[in-house]
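Architecture at a glance
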Amino acid sequence: MTVLLYEEFGTGLHRESSLIRHALGNAHDEALVAGLAGGIGFMYFVFEYPERPPLATIVAQAHPEPWVQVALGRLHVPYDATRSTKPRWGRVRAALDEGQPVFCVVDRSSLPWHEAAAPMPGADAYTVVIAGYEGDDLFIEDGAAAPYRIDREEFGAAWSAHPTGRHQLVVPTGPAEADPDVDGAVAATVKHLTGPVLGNRFDVNFGLSGMARLSADLRDTTTAAGWEQRFGASPEAFRGATRRLYASLEEEWTAPGATRPLYADFLDLAGRSEAAALMRASGSHWSELATLARKAAPEADAGERRALFDACAGLVDRCAELEREAAAVLAV
């Protein structure tokens, strides 16, 4: 017996929003789903691991709240969220038999189609959808034009491997019960930009504060925290930093342009055209920064690296100015 809940797969502009949209029968625009989940955010950290170059990480979408639950909540779509000590295959099959897709958080690097994933890929919660099954095989939606087929036990290993998402199930259980909470979503995004986000010492790395920190680190030529020393010491470190900049702003945990153009589409839908124009302009600058990083030659000399870091810092400053203005408009 084969059960496959829907036929349209693949990612539009944003992977998680596409997962939700398909799971809900394409009843909602991708931009609406993305905006209701919080749309944009900004988190900047540089992680240090033994015997590895430093790892620059930017998350440009709303973070750290779980994207799926937030989006479903603001869509007023009822859902069942559970955790267990081991995979609940009976619950999975029962949900699928009732026409209900199953959202799971996995360790991305444990899925065979992600074996060449970016460094430390299991560090963040990675959501996929179980969209069907045939015997002991599962059909997994993960952004491709067709579902991936994987043995239940192999998928179970990836489902068990993520420390915070282990054996979590999120199952939409019915249609929307009220109109989407657009105003609540906009207010949450403003809060995430202006802070605090976590309520602890790491808030300096989030929102507009995080952008200021990134700009300062890019310009810093004297301390160990600056990009000059962290990423200019070797071609390997420089190449890793520029690749991460591009991926973080255009490909991973984001939609193109640091998710800003997609969020601008949401703001247009919400009747917030002034803020939408500001966010769209910011998105163009984030994409310009990403392009500079992508085109940087790994063997760039010290002067070329310095020029790149300064140019990127200037673009970060411009984005922060635009987004500060947009936040002020949205807060009114």
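The present account deals with the structure reproduced in this document. (Residues numbered from 1 in each chain as written. Predicted model: local features only at pLDDT ≥ 70, side-chain atom pairs only at ≥ 80, totals over all residues. Heavy atoms only, no water.)

**Here's the deal with the overall build of the chain**
- When its secondary structure is counted, the chain shows 12 helices and 9 strands.
- The C-alpha atoms of the chain give 20 Å as radius of gyration, which agrees with the globular expectation for 332 residues (20 Å, within 12%).
- Seen along its three principal axes, the alpha-carbon backbone of the chain occupies a region of about 65 × 50 × 35 Å.
- When the 332 residues of the chain are sorted by exposure, 52% land in the buried category.
- Partitioning the contacts of the chain with sequence separation of at least 6, the portion at a separation of at least 24 is 70%.
- Working note: accessible area of the chain is about 14,100 Å², and carbon and sulfur atoms make up 52% of it.
- Charge separation in the chain, taken as the distance between the mean sites of 30 positive and 46 negative side-chain charges, equals 4 Å. (Helix = DSSP H or I, 4+ residues; strand = E, 2+ residues; numbered from the N terminus. Rg over C-alpha atoms; globule rule 2.2 N^0.38 Å. Buried < 20%, exposed > 50% of the residue type's maximum accessible area, 1.4 Å probe, protein only. Contact = heavy atoms within 4.5 Å. Areas by Shrake-Rupley, 256 points an atom, 1.4 Å probe, with all protein chains shown as cover. Lys, Arg positive; Asp, Glu negative; His and termini not counted. Charge placed at Lys NZ, Arg CZ, Asp CG, Glu CD.)

**Focus: the nonpolar core**
- Counting residues in each nonpolar core, the largest one holds 73 residues, and the members touching the most others are I20, W227, L267 and W286.
- In terms of residue count, helix α12 (residues 302–331) provides more of this core than any other element does, 12 residues in total.
- Apart from residues no more than four positions distant in its own chain, W286 is found in contact with F42, M211, L249, E250, G257, A258, R260, V316, C319 and E323.
- One finds L111, I130, W159 and V197 within the second-largest nonpolar core, a separate group that totals 27 residues. (Core = buried A, V, L, I, M, F, W, Y, C linked by side-chain atoms within 4.5 Å.)

**Comments concerning the packing of aromatic side chains**
- For the structure shown, the criterion picks out 14 aromatic pairs.
- An aromatic cluster is defined as three or more aromatic residues linked by ring pairs; in this entry it consists of F45, F47, Y49, F202 and F206.
- The side chain of R15 reaches across the aromatic face of Y126, ending 3.9 Å from its centre. (Phe/Tyr/Trp six-rings, centres within 6.5 Å; stacked < 30°, edge-to-face > 60°. Lys NZ or Arg CZ within 6 Å of the ring centre and 35° of its normal.)

**Concerning the state of the cysteines**
- Across all of its chains, the model carries 0 disulfides by this definition.
- No disulfide involves C319; its sulfur sits 11 Å from that of C312, the nearest cysteine.
- By relative accessible area, C319 is classed as buried at 0%. (Disulfide = S-S within 2.5 Å.)

**Some points on the pairing of strand β9 (residues 169–172)**
- Of the two faces of β9, the one carrying L169 and V171 and the one carrying V170 and P172 are both buried.
- Both strand β4 (residues 79–82) and β9 contribute to a ladder of 4 bridges, which runs antiparallel. Residue D80 lies in a different strand from β9, and its bridge partner there is V171. (Pairing = 2+ DSSP bridges.)

**Re the pattern of salt bridges**
- In this structure the tally under the stated criterion is 16 salt bridges.
- For E8, the salt bridge identified is with R21, shortest N-O distance 3.6 Å. A residue pair is termed long-range when its members are at least 10 positions apart, and E8 in the loop between β1 (2–4) and α1 (15–23) and R21 in helix α1 qualify at 13 residues.
- Relative accessible area serves as the criterion here: at 25%, R21 is assigned to the partly exposed category.
- For R280, the salt bridge identified is with D268, shortest N-O distance 3.0 Å. One end of the pair, R280, is in helix α11 (residues 273–295); the other, D268, is in helix α10 (residues 260–269), and 12 residues separate them in sequence. (Salt bridge = Lys/Arg side-chain N within 4 Å of Asp/Glu carboxyl O.)

**Some details on α1**
- The buried count for α1 comes to 8 of 9 residues, which makes it a mostly enclosed element.
- Residues of α1 that are buried include every one of R15, E16, S17, S18, L19, I20, H22 and A23, and no others.
- Looking at the packing, one finds that the buried side of α1 touches α2 (30–36), β3 (55–61), α3 (67–75), β5 (102–106), β6 (126–134) and β7 (137–141).
- Among the residues trailing α1, G25 stands out with phi positive, at a value near 75°.

**Focus: unusual backbone geometry**
- Cis peptide bonds are those with omega within 30 degrees of zero, and the linkage from H63 to P64 qualifies with 10°.
- Topologically, P64 is positioned in the loop between β3 and α3.
- The linkage connecting G195 with the following residue, P196, adopts the cis geometry, with an omega of -5°.
- By secondary structure assignment, the location of P196 is in the loop between α6 (182–194) and α7 (207–219).
- A positive phi angle, close to 55°, is found at A258, a residue other than glycine.
- Tracing the chain through its elements places A258 in the loop between α9 (235–250) and α10.
- According to the relative accessible area criterion, A258 is buried, its value standing at 0%.
- Here T259, not a glycine, exhibits a phi torsion of approximately 70°, which is positive.
- Here T259 is to be found in the loop between α9 and α10.

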